[in-house]
Amino acid sequence: MKNFVFIILVLFLSVSCKKELVKEPAKLIPKEKMIDIIYDLSLLDAIKYQQPLSLDSVESNPKKFIFKKYKVDSLQFAQSNIYYAADYDNYKEMFDEINARLDKEKKIIEKKIKAEEKKAAKAKKIAEAKKAAEAKKKILKESPKDSVKKKIIKKINVDSVKRKKRLHHKGL
């Protein structure tokens with residue numbers, strides 16, 4: 001009799017543990033759509049944290065926009081969120097997938113930023129080189145052109161003429 005009560009107790013506990021803690025809502029949002037909604041809401045929260053004034057200029061509520069985008073209402077989202085949160089392992093998998101998507105997007109954006117920084121640095125170098133070349137041209141334009149060389153050439157010419165005259169006078 002004790003064994004029979006023990007077996008019934010074990011069966012009762014195992015059946016009661018399998019019982020869902022939260023009933024499935026009538027308008028349950030599909031898991032993939034729920035992941036997309038939470039992803040967008042995560043991006044929204046990140047924007048609020050990084051640039052709080054950027055969302056102040058928006059006239060409507062950004063969360064309402066996201067719900068409208070996925071054609072759900074806030075009550076449907078809340079009920080579905082509670083339902084998925086009741087199963088910890090499944091909910092954790094959802095958030096792991098969201099984090100993986102966020103990390104992937106972060107890496108893509110970081111690559112784009114690095115490429116833009118390299119492009120800007122290269123453009124800056126080119127601009128500096130052009131500026132230096134223009135400054136050099138300006139300096140060359142302002143300085144007298146070959147004035148030293150002309151004087152030397154003139155002296156040589158004058159000396160050679162004088163020399164010819166001397167040689168000619170001496171009769172050589």
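Look a little higher up for the structure.
Predicted model only: the values in this text are computed from it and were never measured.

Enquirer: Quick question: what am I supposed to make of the packing of aromatic side chains here?
Expert: For any pair of aromatic rings, geometry is given as the distance between the ring centres together with the angle between the planes. Tallied over the entire structure, the rule returns 3 aromatic pairs. Between the aromatic rings of Phe67 and Phe77, the centroid separation amounts to 5.4 Å while the plane-to-plane angle is 40°, which identifies the pairing as tilted. In this pair, Phe67 sits in helix α3 (residues 62-69) while Phe77 sits in helix α4 (residues 74-86), placing the two residues 10 residues apart along the sequence. Both residues of the pair, Phe67 and Phe77, belong to the buried class. Between Tyr91 and Phe95, the aromatic rings sit 4.9 Å apart at their centres with planes inclined by 70°, giving edge-to-face as the arrangement. On the criterion of helical spacing, the pair formed by Tyr91 and Phe95 is a turn pair, its members being 4 residues apart in helix α5 (residues 88-142). For Phe95, a relative accessible area of 29% puts it in the partly exposed group. Directly above the aromatic system of Tyr39 lies the positively charged group of Arg101, at a separation of 4.0 Å from the ring centroid.

Enquirer: Looking at this structure, I do not really get the layout of surface pockets. What am I missing?
Expert: Regions of empty space are outlined by a rolling probe, equal in size to a water molecule, passed over the atoms. The computed volume of the largest pocket comes to approximately 240 Å³. In this structure, the largest pocket is lined by Ser42, Leu43, Ala46, Leu102, Asp103, Glu105, Lys106 and Ile109. Among the secondary structure elements, those contributing two or more residues to the lining of the largest pocket are α2 (31-50) and α5. In terms of residues, the lining of the largest pocket owes the most to one element, α5, which gives 5 residues. Tallied by class, the residues present in the lining of the largest pocket amount to 4 nonpolar, 1 polar and 3 charged.

Enquirer: What should I look at first to understand the pattern of salt bridges in this one?
Expert: When charged atoms on two side chains of opposite charge get close, those side chains can pair. Scanning the entire structure with this criterion turns up 3 salt bridges. Among the ionic pairs, Lys69 bridges to Asp40, the shortest N-O distance being 3.0 Å. Taken together, the positions of Lys69 in helix α3 and Asp40 in helix α2 put the pair 29 residues apart, joining distant regions of the chain. In this structure, Asp96 and Lys92 form a salt bridge, with 3.2 Å as the shortest nitrogen-oxygen distance. Of the two residues, Asp96 and Lys92 both sit in helix α5, 4 residues apart, roughly one turn of that helix. A relative accessible area of 40% means that Lys92 is categorised as partly exposed.

Basis of the calculations
- Residues take numbers from 1 onward in each chain, read along the sequence in its written order.
- Given that this is a predicted model, residues contribute local features only at a pLDDT of at least 70 and side-chain atom pairs are listed and counted only at 80 or more, while totals for whole chains, interfaces and linings are drawn from all residues.
- The basis for every side-chain value is the complete set of non-hydrogen atoms in the structure, without hydrogens or water.
- Whether two aromatic rings pair depends on their centres lying within 6.5 Å, for rings of Phe, Tyr and Trp, where Trp uses its six-membered ring; planes under 30 degrees apart make the pair stacked, over 60 edge-to-face, and the rest tilted.
- Here a helix means four or more residues in a row that DSSP labels H or I, a strand means two or more in a row labelled E, and each is numbered from the N terminus.
- Exposure categories follow from relative accessible area, calculated using a 1.4 Å probe and restricted to protein chains: below 20% of the type maximum is buried, above 50% is exposed, and the middle band is partly exposed.
- Throughout this description, the term charge over a ring refers to an Arg CZ or Lys NZ atom that lies within 6 Å of the ring centre and within 35 degrees of the ring normal.
- Buriedness for pockets is judged along seven lines, at least five of which must meet protein on both sides within 12 Å for an open set on the 1 Å grid over protein atoms alone, while cavities are sets there where a 1.4 Å probe fits but cannot get out, and lining residues have an atom within 4 Å of a point.
- Grid points are joined across faces, edges and corners, and a volume is the space filled by probe spheres set on the points.
- Residue polarity is assigned by list, with Asp, Glu, Lys and Arg as charged and Ala, Val, Leu, Ile, Met, Phe, Trp, Tyr, Cys and Pro as nonpolar; anything else, Gly included, falls into the polar class.
- Criterion for a salt bridge: a side-chain nitrogen of Lys or Arg within 4 Å of a carboxyl oxygen of Asp or Glu.

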